[in-house]
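Here's the letter readout for the chains.
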Amino acid sequence: MGRPLGILILVALTAASHADWERFQETITRAEFDSLLTNVYCPSGAIDLTYGTNSVVISTNFTLRFGSSFIPHPSSFKKIVLDPGHIGGEWARLEERFFVRGKDRPIQEAELNLIVANLLQSRLTNAGIAVSLTKTNYQPVTTERPENFRAQAEYDVPASADVAVRADTVRRRQEILFYRSAEIAARAKLVNEILQPDLTICIHFNAVEWDECRSLVADNRLLFFVHGNYLPAEAADPRLFEKLLERSYAVELAVAES
């Protein structure tokens, strides 16, 4: 295949930190919890939980008490945050979100993401919704930079007889810790602690690999990610239980379908 561009949109209710899990105490019945676990979040049955008389242990330091059911969702979204993916600008090549064909203008996925976010912001604002963006330029949200992760990268990359290969691997690891881990964490903190919207929409354009002729193909797709059906490795992360306890999938699915 050539390089079709598809836009991927992640729709999510604003998440809380692990420390805020207490707000879910006695807000869901055992039957509803079991139904969501087996039918929505982990149909594979990969999660093995320890149940008490009227509770379940979902992490080493949190036991959820079952109670009456309620849906803590807003009936309408008055505040929405748009998160245009990637950094772009001088960081586009480092992120590997930059490509060019012949003498055509280079394409940066971050630029496309920001264009869509701006267009969407205008439409939502006209509809009477308060809209914020996590970023409006091509600079990182995080204050960290790749060089700040040198020690971590050195620790993460195994020793190698080929010094040059290891040096390249360490450098690449530094970059990934910067633009993938630190940048996403900074945006999450901005959304959850400062902007605090009813709904967050993450916007990403993604391209596939070139074919042998470096040709573009007319293959565009619109793809939404909705929380659920986690793989066993994903389900092992107790933080994902927050999405179950929020019962966010129904709202996310409805927004995606709209």
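Note: the structure precedes this text.
What comes next concerns the included structure.

Cut-offs applied
Residues numbered from 1 in each chain as written. Predicted model: local features only at pLDDT ≥ 70, side-chain atom pairs only at ≥ 80, totals over all residues. Heavy atoms only, no water. Helix = DSSP H or I, 4+ residues; strand = E, 2+ residues; numbered from the N terminus. Buried < 20%, exposed > 50% of the residue type's maximum accessible area, 1.4 Å probe, protein only. Contact = heavy atoms within 4.5 Å. Lys, Arg positive; Asp, Glu negative; His and termini not counted. Charge placed at Lys NZ, Arg CZ, Asp CG, Glu CD. Expected span 1.5 Å × (residues − 1). Pairing = 2+ DSSP bridges. Phe/Tyr/Trp six-rings, centres within 6.5 Å; stacked < 30°, edge-to-face > 60°. Lys NZ or Arg CZ within 6 Å of the ring centre and 35° of its normal. Arc of directions from axis to C-beta.

### Things to note about the overall build of the protein chain
Regarding its fold elements, the protein chain presents 8 helices and 10 strands. Each principal axis of the C-alpha distribution contributes one length, and for the protein chain these read about 65 × 55 × 35 Å. Taken over 258 residues, the protein chain has a buried fraction of 40%. Contacts in the protein chain between residues at least 24 apart in sequence constitute 79% of all its contacts with a sequence separation of at least 6. Within the protein chain, one finds 27 positive and 33 negative side-chain charges whose respective centroids are separated by 4 Å.

### Quick notes on helix H3 (residues 109-126)
Given a rise of 1.5 Å per residue, 18 residues ought to cover 26 Å, and the 26 Å separating the end C-alpha atoms of H3 matches this to within 8%. On the buried face of H3, the contacting elements are strand E5 (79-84), strand E7 (107-108), strand E8 (130-133) and strand E9 (199-207). Among the residues trailing H3, Gly-128 stands out with phi positive, at a value near 90°.

### What about the pairing of strand E4 (residues 62-65)?
Along E4, the buried face is formed by Phe-62 and Leu-64; none of Thr-63 and Arg-65, which line the opposite face, is buried. In this antiparallel pair of consecutive strands, strand E3 (residues 55-59) and E4, the connection spans 2 residues.

### A short note on the packing of aromatic side chains
Tallied over the full model, the rule gives 6 aromatic pairs. Between Tyr-41 and Tyr-249, the ring centres sit 6.4 Å apart and the planes meet at 85°, which makes this aromatic pair edge-to-face. Separated by 208 residues along the polypeptide, Tyr-41 in helix H1 (residues 30-41) and Tyr-249 in helix H8 (residues 249-257) bring together distant segments of the chain. An aromatic cluster is defined as three or more aromatic residues linked by ring pairs; in this entry it consists of Phe-33, Tyr-51, Phe-66 and Phe-241. Sitting over the ring of Tyr-51, Arg-30 keeps its end group 3.7 Å from the ring centre.

### Digging into H1
Residues of H1 that are buried: Phe-33, Leu-36, Leu-37, Val-40 and Tyr-41. Considered in projection along H1, the buried side chains sweep an arc of 120° and stay on one side of the axis. Residues of H1 that are exposed and point over 90 degrees away from its buried face: Ala-31 and Asn-39. The inward-facing, buried residues of H1 abut strand E2 (50-51), E3, E4, helix H7 (241-246) and H8.

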